[in-house]
Amino acid sequence: MSETTGPQRPAGPPPLPRRSNRSRALGITAVVLVVLFFGVTAFANFYTNRLWYVSGGYAGVFTTMVVTRAVLFVVVGLLLAAVVCANVVVAYRYRPLFVGMPDANGMGRYREAITPVRRLVVLGLGVVLLLFAGSSASGQWRTFQLWRNGGSFGTDDPYFGKDVGFFVFDLPWYHFLTDVAMATFVLSAIAAAVTHYLYGGISLQTPGERMSGAAQAQLSLLVGLFVLTKGVDYYLDRFDLASQSGSLITGLTYTDDNALLPAKTLLLIFATICAVLFFLNVWRRTWMLPSVGAALLVLLAILLGLIWPGAVQQFQVKPSELDREQPYIAKNIEATREAYDLTDVDIEKYSPETTLGSSLAALDGETKSIPLVDPQVVRSAFEQTQQVRAYYSVAPVLDVDRYQVDGTDRALVLGVRELNTGGIPDKNWTNLHTVYTHGNGIIAAYANQRGRDDKSQLDTSSSAADEVGIEWAQGTNSGEDDLQDATGGYEDRVYYGQESPDYSIVGKASADAPNYELNLPLLGSDEGSTTTFEGNGDASVGSSFNRFMFAIRFGEPNFVLSGRVNDNSKVLFDRDPTLRVQKVAPWLTVDSDPYPAIVDGRIEWVLDGYTTTDRFPGAQKDSYSDMIDDSLQEDLGGLQTLPTDQINYMRNAVKATVDAYSGKVTLYEWDTEDPILKAWEGVFPNTVQPKSAIPEELLQHLRYPEDLFKVQRYQLARYHVTNAEDWYQSNNRWEVPEDPYSPRTYQPPYRLFIDEPGDTNNDETFSLTSVYTPYEKANLASFVAVDSDATSADYGQMKVLELPNESTPGPSLVANQFASDPQVADLLAQFNRSGARPVYGNLLTLPVNDGLMYVQPVYASREVTDASFPILRYVLTKYGNNIGVGTTLRRSLSDLLSTSGAGSGDDGQGSGTGNQGNGNQGNGNQGTGNATVDQLLKRAEAAFNAADRAYAAGNLGGYQRNVKKAQDLIGQALALSNASAGGSESDDPSSSASPSESPSASSSAGG
């Protein structure tokens, strides 16, 4: 049979190379597309962020951050990758030239596969290590910059005698370098060992020498370097003990000082010896001594680092813990008070009076500034009555600030009318991002429910009263413009706020083009129903490239396609005030409560910035979020300046403002002595303005920050005790009380105008206040207030009134007493019968008349529709053992005086709810005039005795205060005696009323 007619071979499979090439091409294309997608996305974010910083005037901040991160990425990443790859190359170069047969370790086929592409393998390993090590290093840019720019604290730690700056600025960077070195040597040793094993330098399956001389020398050197670096790590760990959290305190304890510290020193010495043994093994070529040394090092680490300290703690410390730990507790107390700025807290023993000795007129003047408008409860009233449109809203918790109205400091409850995109009727891209772009104006109410004259108090029980139950200082109706009058008018458009959209595109193609942005015309505003933003914006989107970049950033093609985007268009983004400050100052922890203030005709968001650390030696370390938590606290967000939530040092270093119209961020120095602030000013020069540059009008609205106060009150609860023995035994330990109406959360602090006890000038101080209860008890332990007026010389001075016993009820007990009082219960039961429910406002505690008074507004809220909102119906008061209730604070005080037997002097304005008086003349069971005079004289005698005791104790302030009190009581007794004598000679029945009524006749009515 010929070849042409012979049997044909079956057809083979299709050529594999062609399919393989096609698959490889598709795979490469997919990889390139994925890399290109992520690369372009990353570049778009980088580029648009740079535009944001440049537009805001903070290009230097962006450049410094990028350059620092890039340098750390390249230097650390390249160094680690180069060392590891160099060790792989060295291991390959010094591989055995001849590998014995047969292939004992089975590596032959792997050698054949890797050897032709070994350079690519090494290069790929280097790239992977570069990416991982560089990314880790770039995240340490804050640590690097603090090390580079940090200075001295001027205070030495009590354990090692080193400046605190070493622990805060230097030690973290030294730890990072040590960790990088250890990682480098470990990875190098692993990579070298794998290479030697692959190419026969290590053969575990063959008898005799299992490791070549080159492999042994290289691995001995690498392991020795690792052990030596571990010794350095043991040395640095000694200093970490100064800020290490323990079961008792933060910092060194007896066990740390007498067991762990010597153990770290011994481990350092033995690690050095062990490293020397490994170095000697480069020449001796025997693993006996290095192996024994390494095993002993591990054994000693367990014995000295775990077992020995445990034994010391169990058998030496626990049997007599107080005696052992007392000196260390004392150091912890001192360091904690310094780190949280508690060294100058003024703690005063305070014995509160339980009986009011003032007339109603006097009380009315002393208490008229008490806030009755709860910033959380009245939010719905603000929205329902003043939002005007469904697409406007206010913050979940309103703010409190003070303004001069007709020459008087008035506390106002404020809410910025911001844009709420959830209420926009037609949610398309054009409306969401080019039409509905901003909010308008501020809504303000007088906190004490008294109008502009600060006299007449709104009574919602009156048929003529405003149905909202709020005295507006700024609203949308005629006559609601007191705040505008007081400030001289302001720019009311709000493009930057807490509720602003993610981004808006503003600007029109030409000057004569129509306005697209919807606007809300307000009283005194020159703007119409539409407007156009005229500020600089955060970036221009006039160029095609910028449009493309923002289209990628926000995933929105309309940046390129929409006709609303023109050559003059600007984009506003990253508009939340907190986020803007965090971007400009990424080293700050920003207060969780930005508040608006009208300054120089602009709405400015005012924020407080803190410098914090968890490295202050000896100071107690606690969770920042736990310390600032209360019933009003929202979830924390934003940038974290520390890797953990733990802090043990805090300063209000910076006051910041964000212009609500232009978005301009300005930082001002506040704590000019803070070493951390000074370090960051070295990192970012000219970013923080000097304290002297703060405008006078802004200074009037700066206040003591809430989060700092909450952190300080948390620590002061235990660290007001300065005796180590008392601290250990928890003698006189306090705690922040729970909110009576929100279990398992702390009661928030309140901003009040208060009269300090013993102040004869009757000058009210704008303060941030709170109370303490004894640990795990419900009685009142103390009242704390800090001067919150930034224009005052006493700004930041914290004062504590410490009660001598536990007979005064705390907030939870008072809330229960209010709820169980027959008068109050009967009145509130009417809510249920009318289909409403009671809503309890802030339970306030404040010093009044040498005693402590509780005041609480009670609102009524109907649950029929979503449009309902709470209206103030009653005010509850408590002083001593007496409770008052009325539809206004004045009426409640009248009832309180009536139940206390002091006479209200209300001149017919009583609440009519008391069960010990008739509510018309307030002359319930007040007793005869002579009995009242005797009571006043007895109290005067007691005050003189207290003055004598204070003088003997060297307390001149207490002596003067008690003498003044006694003199006032004698004066009241004489006046009462004379009035009673005059009344007995009159035939007019009205003259028999309590003489305390006469002053109220000249006081303002409308209580």
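- Under an unreviewed UniProt entry, the protein has the name UPF0182 protein ISG29_03335 and belongs to Nocardioides acrostichi.
- Recorded under Subcellular location (unreviewed entry), the UniProt text for the protein is reproduced unchanged: "Cell membrane".
- As recorded by UniProt, the Sequence similarities (unreviewed entry) comment attached to the protein reads in full: "Belongs to the UPF0182 family."

**Section: the nonpolar core**
Then, in step 1: I442, W587, V654, L667 and L702 are the most contacted members of the largest nonpolar core, which totals 111 residues.
Then, in step 2: One finds V413, Y750, M853 and I871 within the second-largest nonpolar core, a separate group that totals 66 residues.

**Notes on the packing of helix α2 (residues 59-93) against helix α5 (residues 141-149)**
Then, in step 1: Where α2 contacts α5, the two axes come as close as 10 Å, and the packing angle between them is 100 degrees. Taken together, the axes of α2 and α5 lie roughly perpendicular to each other. Side by side, α2 and α5 meet where T64, M65, T68, R69 and L72 of the first sit next to W141, F144 and Q145 of the second.
Then, in step 2: Of the residues in the contact of α2 with α5, the class split is 4 nonpolar, 3 polar and 1 charged.

**Describing the pattern of salt bridges**
Then, in step 1: Inspection of every chain in the model, using the stated rule, returns 26 salt bridges.
Then, in step 2: For D593, the salt bridge goes to R703, with nearest N and O atoms at 3.0 Å. Of this pair, D593 sits in the loop between β15 (589-590) and β16 (595-599) while R703 sits in the loop between α20 (696-699) and α21 (706-719), and the two are 110 residues apart along the sequence.
Then, in step 3: A residue is classified by how much of its surface remains accessible, and R703, at 2% relative accessible area, is buried.
Then, in step 4: Its salt-bridge partner being E706, residue R751 comes within 3.8 Å of it at the nearest N-O pair. Separated by 45 residues along the polypeptide, R751 in strand β26 (residues 750-754) and E706 in helix α21 bring together distant segments of the chain.
Then, in step 5: Residue R751 is classed as buried on the basis of its relative accessible area, which comes to 10%.
Then, in step 6: Each of D406, R452, D482 and D485 takes part in salt bridges that share partners, so that together they form one network.

**A word on a nonpolar patch on the surface**
Then, in step 1: Residues M288, V292, L296, V298, L299, I302, L303, L306 and I307 make up a contiguous nonpolar surface patch of roughly 810 Å² in combined accessible area.
Then, in step 2: Inspection of the secondary structure puts I307 in helix α9 (residues 288-317).
Then, in step 3: You can call I307 partly exposed: its relative accessible area is 48%.

**Considerations on the sheet that holds strand β14 (residues 570-573)**
Note on sheets: strands pair through backbone hydrogen bonds, and any given pair is parallel or antiparallel.
Then, in step 1: Reading across the sheet, the 3 strands line up as β10-β14-β13 and stay open at both edges, with antiparallel pairing between neighbours. Where the open sheet ends on each side, the last strands, each with one partner, are β10 (503-506) and β13 (539-540).
Then, in step 2: Relative to β14, β10 runs antiparallel, the two being bridged by 4 bridges. Among the inter-strand pairings, S504 is bridged to a residue of β14, identified as L572.
Then, in step 3: Where helix α15 (residues 544-554) meets the sheet, it contacts β10, β13 and β14, and its direction lies at approximately 25 degrees from that of β14.

**What about the side chain of T253?**
Then, in step 1: With respect to the element layout, T253 can be found in the loop between α7 (213-240) and α8 (254-284).
Then, in step 2: A polar contact is formed between the side chain of T253 and the side chain of D256, at a distance of 3.1 Å.
Then, in step 3: In contact with T253, other than residues within four places in its own chain, are E325 and Y328.

**Some details on the pairing of strand β7 (residues 442-446)**
Then, in step 1: Within β7, 5 of the 5 residues are buried, leaving the element largely enclosed by the surrounding structure.
Then, in step 2: Bridge count between β7 and strand β8 (residues 472-474): 2 bridges; the pairing is antiparallel. In the strand pairing of β8, A445 is matched with W472.

**Regarding the packing of α7 against α8**
Then, in step 1: At their nearest, the axes of α7 and α8 sit 8 Å apart, and the two run at 165 degrees to each other. Taken together, the axes of α7 and α8 are roughly antiparallel relative to one another. α7 and α8 meet at a crossing whose hand is left-handed.
Then, in step 2: Looking at the contact of α7 with α8, its residues break down into 18 nonpolar, 7 polar and 3 charged.

**Describing the UniProt feature "transmembrane region" (unreviewed entry) in the protein**
Then, in step 1: UniProt annotation of "transmembrane region" (unreviewed entry) refers to residues 25-47, 67-92, 117-137, 173-199, 219-236, 259-280 and 287-308 when read in the numbering used here.
Then, in step 2: Along residues 117-137 one finds 95% helix and 0% strand; the C-alpha atoms at either end are 30 Å apart.
Then, in step 3: A helix fraction of 96% and a strand fraction of 0% characterise residues 173-199, whose end C-alpha atoms lie 39 Å from each other.

Conventions and cut-offs
- Residues numbered from 1 in each chain as written.
- Predicted model: local features only at pLDDT ≥ 70, side-chain atom pairs only at ≥ 80, totals over all residues.
- Heavy atoms only, no water.
- UniProt positions renumbered as here; feature names shortened; annotations may be inferred.
- Core = buried A, V, L, I, M, F, W, Y, C linked by side-chain atoms within 4.5 Å.
- Buried < 20%, exposed > 50% of the residue type's maximum accessible area, 1.4 Å probe, protein only.
- Axes fitted to C-alpha atoms, helices over the stretch in contact; angles between N-to-C directions.
- Helix = DSSP H or I, 4+ residues; strand = E, 2+ residues; numbered from the N terminus.
- Parallel < 35°, antiparallel > 145°, perpendicular 65-115°, else oblique.
- Contact = heavy atoms within 4.5 Å.
- Nonpolar A, V, L, I, M, F, W, Y, C, P; charged D, E, K, R; others polar.
- Salt bridge = Lys/Arg side-chain N within 4 Å of Asp/Glu carboxyl O.
- Patch = residues over 30% accessible without salt bridge, like charges linked within 9 Å, V, L, I, M, F, W, Y side chains within 5 Å.
- Areas by Shrake-Rupley, 256 points an atom, 1.4 Å probe, with all protein chains shown as cover.
- Pairing = 2+ DSSP bridges.
- Polar contact = N/O pair within 3.5 Å; in protein donor to acceptor, adjacent residues only side chain to side chain.
- Left-handed = near helix turned anticlockwise from the far one by under 90°.

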